[in-house]
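# Chains, contacts and geometry: an overview
What follows is the residue order along each chain.
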Amino acid sequence: MASIKDVAAEAGVSVATVSRVLNSHPSVSPDARARVLAAVETLGYRPNAVARSLRTDQTRTLGLVISDVLNPYFTELARSVEEAARALGYSVIIGNADERPDLQDHHVRTLLDRRIDGLLVSPTDGGSPLMLEAARAGTPMVFVDRWIAGVDVPVVRADGRQAVRDLVAHLHGLGHRRLAIIAGPAATTTGSERVEAFREALREHGLPLPDELIGQGDFQADSGRRVTEAFLALPEPPDVVFAADNLMALGALDAIRARGLRVPQDIGLAAFDDIPWFVHTDPPITAIAQPTGELGRAAVRALVDRIEGRPPESVTLPARLVVRRSCGENFPENSSENSSENSPA
């Protein structure tokens, strides 16, 4: 592997001149710059990133800790973060917390030890001492999707309250009155916020939300299956089950089908966090969609602003309701051809 000394010898300049060219220093003459760049190309020289980070105190690397890499929402979020970071000259190291606070903190600690320039986190709980300590120490950090209340860190998130109101109004208009929710973990901001938004929306239509129609999930498919089984065992099952994330919705669908029931003829199903799969289920699932790509890009911009000394801003983007056919929307009895249509997103 060629060294910086090899490049200097090939170009007929000093090592210091090569270093200035590689760091875009303006004091180098156009002729010397051209010779150095030609030597770099000829020798296939690649700068040592570790050595450069020791000199500049920057690694041009961001850390991203997501809650669950198997959740299609977070997979898409990670992809948009990586693309946006690459466009700004940064690489991304990803850690999967698997909805476990201990694993989340393991990844945060490892990333900090590797001297990343900044950290993007979707917290799995509301009180990680490690993240509180990192924030107070001035670590460039941005919360994305979820956040920790009371911590002075920019937050990039979607606001789903209006979309939940739109969903409940939609269900009420279809004649549904007994609505249940599979909630996410109360320790997460998204878990508690979505339940409260659902409760408020029901209240606007004079509908109750009794305890028997609130099931505690954990943003995993198994919990959606378990909670839905409990709903279906009630003397009066709900008209519609609203799952507060996409994996719990898929678990709910499994439980409904295991009972030999049909969606939406026997029970309706709706979800928070739209995913591409939902248009291919039978029937396609009505869902609340978050602007995932925009969230990832906005989170990277906010973090890079913080790293590069510009004031970062929190960003809140609206979620929206995507109406399909899983709650009885224009779904003719004994008709299957309409169940696979993709309604406008």
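The name recorded for the protein in an unreviewed UniProt entry is LacI family DNA-binding transcriptional regulator, from Streptomyces himalayensis subsp. aureolus.

## Observations concerning the sheet that holds strand β8 (residues 240-243)
Across the sheet, which stays open at both edges, the 6 strands sit in the order β7-β6-β8-β9-β10-β12 with mixed pairing between neighbours. Whereas interior strands pair on both sides, the edge strands pair on one side only; in this sheet they are β7 (214-216) and β12 (320-322). Strand-to-strand twist of the sheet, defined as the mean angle between neighbouring strand axes without regard to direction, takes the value 20 degrees. Strand direction decides the pairing type here: strand β10 (residues 286-289) and β12, joined by 3 bridges, are antiparallel. Among the inter-strand pairings, alanine 287 is bridged to a residue of β12, identified as valine 322.

## Description of the domain arrangement of the protein
Here the protein is described as being made up of domain 1 (4-47), domain 2 (61-157 + 293-317) and domain 3 (159-290). Inter-centroid distance (C-alpha atoms) of domain 1 to domain 2 is 36 Å.

## Examining the pairing of strand β6 (residues 179-183)
Of all 5 residues making up β6, 5 are buried, and the element is well covered by its neighbours. Across the two faces of β6 the burial is the same, with Leu179, Ile181 and Ala183 and Ala180 and Ile182 all buried. One ladder, built from 4 bridges, connects β6 with β8; its direction is parallel. In the sheet register, alanine 180 faces β8, and the bridge partner there is valine 241. Pairing analysis gives 3 bridges linking β6 to β7, with the strands arranged parallel. Looking at β7, one finds that alanine 183 is bridged to glutamine 216. In the classification by handedness, the crossover that spans β6, the intervening helix α9 (residues 189-204) and the parallel β7 is right-handed.

## So, unusual backbone geometry
Between valine 263 and the following residue, proline 264, the backbone shows a cis peptide bond with an omega angle of 5 degrees. Within the fold, proline 264 resides in the loop between α11 (246-258) and β9 (268-272). The backbone of aspartate 98 shows a phi angle near 55 degrees, a positive value even though the residue is not glycine. In this fold, aspartate 98 is placed in the loop between β2 (91-96) and α6 (101-113). Residue aspartate 98 is classed as partly exposed on the basis of its relative accessible area, which comes to 33%. At phenylalanine 219, a position not held by glycine, the phi torsion is positive, near 65 degrees. Residue placement: phenylalanine 219 occurs in the loop between β7 and α10 (221-232).

Rules and cut-offs
Residues numbered from 1 in each chain as written. Predicted model: local features only at pLDDT ≥ 70, side-chain atom pairs only at ≥ 80, totals over all residues. Heavy atoms only, no water. Pairing = 2+ DSSP bridges. Helix = DSSP H or I, 4+ residues; strand = E, 2+ residues; numbered from the N terminus. Axes fitted to C-alpha atoms, helices over the stretch in contact; angles between N-to-C directions. Domains from an automatic or database assignment. Buried < 20%, exposed > 50% of the residue type's maximum accessible area, 1.4 Å probe, protein only. Right-handed = clockwise from strand over helix to strand, strands pointing away.

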